[in-house]
Amino acid sequence: MSWNLDEIKDNALRLICVDELGGATLTKLIVEAGGINEAGDAVLSGHAQQWLPSGACEMLRSRMLRTEVDPARWAAEAVEAKIVLVTDDDFPQLLTPLPACPSALWFRGSLESISLASIGVVGSRRCTKYGIEQATIFAREFVHSDIAVISGGARGIDAAAHRAALQHGGCTGAVLGSGLNVVYPPEHGSLFESIVSSGGVVLSEFPCHRSPQPAYFPRRNRIVSGLSSVVLVVEAARRSGALITARIAVEEHGRQCFAVPGRLGDSASAGCMQTIRDGWVGIAVHPEDLIEEAVSAWARLSTS
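Bear in mind that the values here come from a model prediction, so they are computed numbers and not experimental data.

Parameters at a glance
- Residues numbered from 1 in each chain as written.
- Predicted model: local features only at pLDDT ≥ 70, side-chain atom pairs only at ≥ 80, totals over all residues.
- Heavy atoms only, no water.
- Pairing = 2+ DSSP bridges.
- Helix = DSSP H or I, 4+ residues; strand = E, 2+ residues; numbered from the N terminus.
- Contact = heavy atoms within 4.5 Å.
- Buried < 20%, exposed > 50% of the residue type's maximum accessible area, 1.4 Å probe, protein only.
- Core = buried A, V, L, I, M, F, W, Y, C linked by side-chain atoms within 4.5 Å.

An order of β1-β2-β6-β5-β4-β3-β7-β8-β9 is seen for the nine strands of this open sheet, with the pairing classed as mixed. Edge positions in the sheet fall to β1 (82-85) and β9 (282-283), since each of these pairs with one other strand and no more. Alignment of strand β4 (residues 148-151) against strand β5 (residues 172-175), held across three bridges, turns out to be parallel. Counterpart to Val149 in the pairing with β5 is Thr172.

Now for the environment of Leu60. If you trace the backbone, Leu60 turns up in helix α4 (residues 56-65). It is 9.6 Å that separates the C-alpha atoms of Leu60 and Arg14, two residues lying 46 residues apart in sequence. Here Leu60 is in contact with Leu15, Val18, Leu21, Thr25, Leu29, Val43 and Leu52, once residues within four sequence places are set aside.

The subject of this paragraph is the pairing of strand β2 (residues 104-109). Counting buried positions along β2 gives five out of six residues, so the element sits mostly inside the fold. Bridge analysis of β1 against β2 gives four bridges, and the strand direction is antiparallel. Of the residues in β2, the one forming a bridge with Ile83 is Trp106. Looking at chain direction, β2 and strand β6 (residues 201-204) are connected through four bridges and run antiparallel. The partner of Phe107 across the bridge, within β6, is Leu203.

Backbone torsion omega between Tyr184 and Pro185 reads -5 degrees, so that peptide bond is classified as cis. With respect to the helices, strands and loops of the structure, Pro185 is situated in the loop between β5 and α8 (189-197). One non-glycine residue with positive phi stands out, namely Glu80, at about 55 degrees. Residue position: Glu80 is located in the loop between α5 (69-78) and β1. At Asp146, a position not held by glycine, the phi torsion is positive, near 60 degrees. In this structure, Asp146 sits in the loop between α6 (129-144) and β4. Overall, Asp146 belongs to the exposed group, its relative accessible area being 69%.

One finds Leu15, Leu29, Ile36, Ile83, Leu85 and Trp106 to be the most contacted residues of the largest nonpolar core, which totals 43 residues. Only α1 (10-16), α2 (23-33), α3 (36-45), α4, α5, β1, β2 and α8 provide two or more residues apiece to this core. Sort the elements by how many residues they give to this core and α3 lands first, with five residues. In contact with Leu85, other than residues within four places in its own chain, are Trp3, Ile16, Leu26, Ile30, Ile36, Phe91, Ser103 and Ala104.

All we've got here are geometric facts, nothing functional implied.
Rendered as structure tokens:
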């Protein structure tokens, strides 16, 4: 199940809004207290100190007391957002076993759209025509094979992948580095609305009123990787957020990662070419190769 805002009491909402509250901690609190609303009351009253390591309950309580719940509630209600907790049956299955699993996700749309095999498509914001073409081709073939496309809702490659999935009748999920009521980048408001109305999902680990900050985007990338059975990098310079996602996918999440090769000497693809040369990602030539890996990876990950 997922939660409407009117089902979450103020103390529970304060708890959910504590930044970087881990999934394991929230799970412990919910199990011991008997529910999310009971967990919020238990932490604020100090009763939860019997379930948490020394000092952890007081730290949570202190941060909860500094949290204003009304802005979070109003912002979520304004965009009709829901909350899914790590303990809920419809919380994304691939995220649960990962290190630094978020305690909750705020979302609009349908979580079912990303409940099966999926491929993360990431790349440069300042992409070339070649990058747009390749992102479009790969995303089109993925959704034709009933593979969901996951990306970060950013300019450039992310947006091209989302749009191609929508254009060809597929499912796509956008993970934001801001709250759902703070559209970033601002020109993507209509894109996010199209994702929701087409049966996809737009989600974030941040409360809906939270503005984007530089530190949020690596955390966004972590969720893109975690939701993906396989990750594809389409155009990335040597210093690129897309390569952060790729590193997380390979080193922390155990995912297979592929990169689209570019032209020799092309700075827009220098990061992709370097990762292929170094051997820690595969070369993406045919979409079918990634589709096969995504299906087998999903089967393996969903039963582990």
